[in-house]
Amino acid sequence: MKNQDEKFLKKAYLEALVPCVLSILSGCINIIVDGILVGQKAGVSGLAAINLCVPVYLVLCVIGSFFVSGTAIPASDEIGKGNMDAAQFFYEFALGSCLLSSVIATVLGLVFMPAVASFLSPEEEIRAMIRSYAGITVAGSVAKIMIYVPFWFLRLEGKNRDVTVMMILMGGGNVVLDILFLYGLNMGVSGAALASVIATDLAA
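For every chain, the first residue of the written sequence is number 1, and numbering continues from 1 along that sequence. Only residues with pLDDT of at least 70 get local features here, since the model is predicted, and only at 80 or more are side-chain atom pairs given and counted; chain-wide, interface and lining totals rely on the full set of residues. Hydrogens are left out, water is left out, and the side-chain values use all remaining heavy atoms of the structure.

> Can you lay out the overall build of the protein for me, pointing to particular residues and giving the numbers?
The secondary structure listing takes helices from DSSP runs of H or I that are at least 4 residues long and strands from runs of E that are at least 2 residues long, numbered from the N terminus. When its secondary structure is counted, the protein shows nine helices and zero strands. Ordered by position in the sequence, the α and β elements of the protein form the string α-α-α-α-α-α-α-α-α. Only protein chains enter the area calculation, which uses a 1.4 Å probe; residues under 20% of their type maximum are buried, those over 50% are exposed, and those in between are partly exposed. Within the protein, buried positions represent 42% of all 204 residues. Put simply, 72% of the contacts in the protein that link residues at least 6 apart link residues at least 24 apart. Values of accessible area rely on a 1.4 Å probe in the Shrake-Rupley scheme; residue burial ignores everything except the protein chains shown. Accessible surface, the protein: about 10900 Å² in total, of which carbon and sulfur atoms supply 70%. Two residues form a contact once any of their heavy atoms are found within 4.5 Å.

As structure tokens, this is what we get:
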């Protein structure tokens, strides 16, 4: 019995390992690729702008992680007890909380974007780029926040392959769209932000 438990845990761990690694890499890849491509196309000012926008992106990530991890853990406990109705309640609570918080984040973010840009940089040229990049990121808050729902709850259903595909779509899609928007359409930092939002939308 002990050997069977160990085999089951090892199998479950290995199946969840790739999606977890990809989730970390996809977020890092987005920031790294944006930095490299924007730096090449928009110069030092563009690179500075997107680096200064990282806190805005991280705030959205924290919101999504907060609500979804806080509900996925008790949902997992209820699934273990065979109480699927309670697990469904936690899922719906996560979904509703993320939707509501994404609307609030979008509205507040856009209203206070000039103040945020001024806080992040004293230089007008960089502030303009921050307003553009962070503004598009905040406008796409629903994708940035909602992505955590399938990431956590698909794994509870054992659908690790779906999570892997989702993460590849987000990371790979961002790279492809970055190249298209930055080099093909010459959209500057706006293109980098739009690429990230669209790739996250596709994944979600």
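> Describe in detail the nonpolar core, supporting the description with residues and values.
We call a set of buried Ala, Val, Leu, Ile, Met, Phe, Trp, Tyr and Cys residues a nonpolar core when their side-chain atoms join them within 4.5 Å. Within the largest apolar cluster, 23 residues are counted, with the highest numbers of intra-cluster contacts made by F153 and M166. Of all the secondary structure elements, the ones that give two or more residues to this core are α2 (54-80), α3 (84-111), α6 (141-146), α7 (148-156) and α8 (160-184). With residues near it in sequence (within four places) discarded, F153 still touches V68, T71, A72, A75, F90, Y91 and A94. By size, the runner-up hydrophobic cluster in this structure holds 20 residues, among which are V33, M113, V189 and A193.

> Describe helix α5 (residues 124-139), with residues and values.
An ideal rise of 1.5 Å per residue puts 22 Å on 16 residues; α5 measures up with 22 Å between its terminal C-alpha atoms. I126, R127, M129, I130, Y133, A134, G135, T137 and V138 are the residues of α5 that are buried. An expected span of 1.5 Å times one less than the residue number is assigned to each helix.

> Tell me what's going on with the packing of aromatic side chains, and back it up with residues and numbers.
Aromatic rings from Phe, Tyr and Trp, taking only the six-membered ring of Trp, are treated as a pair when their centres fall within 6.5 Å; an angle between ring planes under 30 degrees marks them as stacked, one over 60 as edge-to-face, and anything in between as tilted. In this structure the tally under the stated criterion is four aromatic pairs. One cation-aromatic arrangement involves R155 over F151; the distance from NZ or CZ to the ring centre is 4.2 Å. Our definition puts a charge over a ring when NZ of Lys or CZ of Arg is within 6 Å of the ring centre and also within 35 degrees of the ring normal. Residue placement shows R155 over the ring face of W152; its charged tip is 5.2 Å from the ring centre.

> Before we move on, can you summarise the packing of α2 against α3 with the specific residues and values?
With their axes 8 Å apart at the nearest point, α2 and α3 run at an angle of 175 degrees to one another. By the angle class used here, α2 and α3 are roughly antiparallel. Two secondary-structure elements touch here, α2 through L60, I63, F67, V68, T71, P74, A75, E78 and I79 and α3 through M84, A86, A87, F90, F93, A94, S97, C98, S101 and A105. Polar here means any residue other than Ala, Val, Leu, Ile, Met, Phe, Trp, Tyr, Cys and Pro, which are nonpolar, and Asp, Glu, Lys and Arg, which are charged; Gly is therefore polar. Counted by class, the contact of α2 with α3 contains 15 nonpolar, three polar and one charged residues. Orientation is described by lines fitted to C-alpha atoms, with helices fitted over the stretch in contact, and by angles between N-to-C directions that extend from 0 to 180 degrees. By the definition adopted for this analysis, an angle is roughly parallel if under 35 degrees, roughly antiparallel if over 145, roughly perpendicular if from 65 to 115, and oblique otherwise.

> Give me the environment of V116: which residues, what numbers.
Note on placement: V116 falls in helix α4 (residues 113-120). V116 sits in the partly exposed class, given a relative accessible area of 27%. Through-space distance from the C-alpha of V116 to that of A134 is 9.1 Å; in sequence the pair is 18 residues apart.

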